[in-house]
Amino acid sequence: MEQSEKKKGFMSWYFGTNLLYRILAGMALGIILGLVFKEHILWIKPFGDLFVRLLKMIVMPIIVSTLITGAASISPAKLGKVGIRIVLLYLLTSAFAVAIGLFVGSLLHPHVAIDATTVASAAGKDVAKLSFSTTLLNIVPTNYFTSIVNEQVLPVIFFSILFGIGVSYLCISKDEKVRKNGETILAFFEGVSTVMTKMVGAIMQYAPVGVCALIATVFATLGAKVIGGLGMVVLTVFIGYALHILIVYFGVVGLFGISPVRFWKEAKNPFITGFVTRSSYGTVPVTMECCKNLGVPKEVYSFSIPLGATINMDGTAIYQGVCCIFIALSATGQMLTGAQMGTVILTATLMSIGTAGVPGAGAIMLLMVLDSIGLRVDAGSAVAGAYAIILGLDAILDMGRTAVNVTGDAACTACVAKQMGLLGTKADQ
Ligand code: ASP
């Protein structure tokens, strides 16, 4: 009885269907509407713009709250020998991942021609003019709040991480009053972060409509020539994923004296689970089981795997690298400059700390990475059109990037355990 009542709830035919299928259906419908009705369907555009605005609305609060809680969750006490090694390896592999994404992107040039006239206005003119050293210096904000208001990503990341580390120190203070203050601050930001996750969930319910409208607008203006570009961007991203696993993960585990074949035998389980669930958090138990079977002691993986699901996102980093190139080429017709590539590596690596291990989080962080190189996703701009294409494909791209993300957590954990002489056999556990 309750069941049937539930089924008859408000728009249950919509809300009761899997979001992934709805987004894919929205994308397919958008392509058909755009191709069939051409400019007669352009009235749909505000519905797409609304989706972009909703996403942008929550980006800054998400970054601030997740980065602070993420950095605070690495307690200085645990950040001993194992912690420092694992965090460094996580960051290093993430930086490699963005570089691989940029490399395959530069090689394969995935793009669709969005609108060559809106081009220059959307291009990263400010950032392109800045030298790399100025970009580095600008990471340190002179005023944190001005940086938030002006949506300057790197200074916000910088301050938030330092603030989070500060909070983690308060939380382990021997002085009870100080410790309570730290715990209160942490609880506040954890609360904000949870609210933001809920808001993302709610906004994503609108994603099928938003994606349909955005894609319909793109296809109404550009027609079928976009289709080849879609396949190309998916192919480029997946080549990046494959290269990263083969070169970086197999290379690193091999370098640390673990057989890549043995590693993959265990790592394929979290890989597949990550692929189908699109959530690093959801895959944590399977990734832990994989580490256990590889002989990693519990005290290492119980800490490093949840931490990795929070701060280590190599697949997401590869995706950011390729997408930045795709969007720059599509919306501005120009390749990223060296300084912009440097900024992407830096921002995407740091952003991986602030990307929650839940479906679709990487696509929201992409907004910020784009922002950092002067490609602003403003409603109606060419950049927004190119971003819409990526959003339409996000479900497929997210499957691959989550699979890479969790494989990376297992690889780094096994290497650190091995390097510290802690890697035993399963029988030792
Ligand atoms: N879905 C990814 C994960 O859980 C995060 C992302 O969207 O990039 O690891």
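The structure this text deals with has already been given above.
Residues numbered from 1 in each chain as written. Predicted model: local features only at pLDDT ≥ 70, side-chain atom pairs only at ≥ 80, totals over all residues. Heavy atoms only, no water.

(A) Here's a closer look at the overall build of the protein. Secondary structure assignment for the protein yields 19 helices and zero strands. Across the 429 residues of the protein, 54% fall into the buried class. Of the roughly 18,400 Å² of accessible surface on the protein, 69% is carried by carbon and sulfur atoms. (Helix = DSSP H or I, 4+ residues; strand = E, 2+ residues; numbered from the N terminus. Buried < 20%, exposed > 50% of the residue type's maximum accessible area, 1.4 Å probe, protein only. Areas by Shrake-Rupley, 256 points an atom, 1.4 Å probe, with all protein chains shown as cover.)

(B) View of the state of the cysteines. This structure, assessed with the given rule, holds zero disulfides. Here Cys 291 stays unpaired: no disulfide links it, and the sulfur of Cys 290, its closest cysteine neighbor, is 4.9 Å away. Cysteine Cys 323 shares no disulfide, and the gap to the nearest cysteine sulfur, in Cys 324, comes to 7.3 Å. (Disulfide = S-S within 2.5 Å.)

(C) Quick look at helix 15 (residues 298-311). Helix length check: helix 15, at 14 residues, gives a terminal C-alpha distance of 19 Å against a target of 20 Å (1.5 Å per residue), a fit within 8%. Across the 14 residues that make up helix 15, a large majority, ten, are buried. Those residues of helix 15 that sit buried are Val 300, Tyr 301, Phe 303, Ser 304, Ile 305, Leu 307, Gly 308, Ala 309, Thr 310 and Ile 311. (Expected span 1.5 Å × (residues − 1).)

(D) Spatial organisation of helix 4 (residues 45-73). Between its first and last C-alpha, helix 4 extends 41 Å over 29 residues, near the 42 Å set by a 1.5 Å rise per residue. In the structure, helix 4 departs most strongly from a straight axis at Val 59, where the bend amounts to approximately 30° and where the proline Pro 61 lies between one and four residues downstream. (Bend = angle between axes of the 7 residues up to and from the residue.)

(E) Summary view of the environment of Met 232. Residue placement: Met 232 occurs in helix 12 (residues 226-255). Residues Met 232 and Leu 108 lie 124 residues apart in sequence; the distance between their C-alpha atoms is 8.2 Å. Not counting the four nearest positions on each side in its chain, Met 232 is found in contact with Leu 108 and Pro 110. (Contact = heavy atoms within 4.5 Å.)

(F) Representation of the packing of aromatic side chains. Going through the model one piece at a time under the given rule, you end up with eleven aromatic pairs. Through successive ring pairs, a cluster of aromatic residues spans Tyr 144, Phe 145, Phe 159, Phe 163, Phe 188 and Phe 189. Positioned over the ring face of Tyr 14 is Arg 22, at 4.5 Å from the centre of the ring. The ring of Tyr 319 has Arg 401 sitting right over it, with the charged end atom 4.1 Å from the ring centre. (Phe/Tyr/Trp six-rings, centres within 6.5 Å; stacked < 30°, edge-to-face > 60°. Lys NZ or Arg CZ within 6 Å of the ring centre and 35° of its normal.)

(G) Here's a closer look at the layout of surface pockets. Approximately 440 Å³ is the volume attributed to the second largest pocket. Forming the boundary of the second largest pocket are 29 residues, of which Val 200, Met 204, Pro 359, Gly 360 and Ala 361 lie nearest the centre. Sorting the residues of the lining of the second largest pocket by element identifies helix 3 (19-37), helix 4, helix 11 (176-222), helix 13 (260-277), helix 18 (361-372) and helix 19 (382-419) as the ones contributing at least two each. Among the elements that take part in the lining of the second largest pocket, helix 11 stands out by supplying seven residues, more than any other. Tallied by class, the residues present in the lining of the second largest pocket amount to 18 nonpolar, nine polar and two charged. (1 Å grid on protein atoms, 1.4 Å probe; cavity = no way out; pocket = protein on both sides within 12 Å on 5 of 7 lines; lining within 4 Å. Points joined across faces, edges and corners; volume = space filled by probe spheres on them. Nonpolar A, V, L, I, M, F, W, Y, C, P; charged D, E, K, R; others polar.)

(H) Representation of the site of the ligand in the model. Near the ligand lie 16 residues; those nearest to it are Ser 280, Thr 316, Gly 362, Asp 398 and Arg 401. Side-chain polar atom of Thr 402 to a nitrogen atom of the ligand: 3.0 Å apart, as the coordinates give it. Burial of the ligand by the surrounding chains reaches 100%, relative to a free accessible area of 270 Å². Put simply, the ligand lies in the largest cavity. Elements that contribute at least two residues to the shell around the ligand include exactly helix 18 and helix 19. (Near = heavy atom within 4 Å. Polar contact = N/O pair within 3.5 Å; in protein donor to acceptor, adjacent residues only side chain to side chain. Sits in = over half its atoms within 2 Å of the grid points.)

(I) Representation of the environment of Gly 48. With respect to the secondary-structure elements, Gly 48 resides in helix 4. Along the primary structure Gly 48 and Val 211 are separated by 163 residues, whereas in three dimensions their C-alpha atoms are 6.5 Å apart. Not counting residues up to four positions away in its chain, the partners in contact with Gly 48 are Gly 210, Ala 213 and Leu 214.

(J) Representation of the environment of Leu 186. Checked against the element boundaries, Leu 186 lands in helix 11. Exposure remark for Leu 186: the relative accessible area of 16% places this residue in the buried category. A C-alpha to C-alpha distance of 8.0 Å links Leu 186 and Ile 68, two positions 118 residues apart in sequence. The contact partners of Leu 186, leaving out residues within four places of it in the chain, are Thr 69, Ala 72, Val 167 and Cys 171.

(K) Summary view of empty space enclosed by the protein. Tallying each qualifying case throughout the model produces one cavity of 30 Å³ or more. Considered as a void within the structure, the largest cavity measures approximately 80 Å³ in volume. If you trace the largest cavity, you find 16 residues lining it, with Thr 316, Val 358, Asp 398, Thr 402 and Asn 405 closest to the centre. Of all the secondary structure elements, the ones that give two or more residues to the lining of the largest cavity are helix 18 and helix 19. Among the elements that line the lining of the largest cavity, the one with the most residues is helix 19, at four residues. Classifying every residue of the lining of the largest cavity gives four nonpolar, nine polar and three charged.

(L) Structural detail: the nonpolar core. In this structure, Phe 51, Ile 327, Leu 366, Tyr 387, Ile 389 and Ile 390 are the most contacted members of the largest nonpolar core, which totals 121 residues. Considering each element in turn, this core owes the most residues, 19 residues, to helix 19. If near-sequence neighbours (up to four positions away) are discounted, Ile 389 is found in contact with Val 112, Ile 114, Ile 215, Val 218, Val 226, Leu 230 and Phe 326. (Core = buried A, V, L, I, M, F, W, Y, C linked by side-chain atoms within 4.5 Å.)

(M) Examining the pattern of salt bridges more closely. Taken as a whole and assessed by the stated rule, the structure comprises eight salt bridges. Two residues, Lys 45 and Asp 49, come together in a salt bridge whose shortest N-O distance is 3.1 Å. Here Lys 45 pairs with Asp 49, and both are found in helix 4, just four residues apart, close to one helical turn. Here Lys 45 falls in the partly exposed class, since its relative accessible area comes to 28%. On the accessibility criterion, Asp 49 (15% relative accessible area) is buried. (Salt bridge = Lys/Arg side-chain N within 4 Å of Asp/Glu carboxyl O.)

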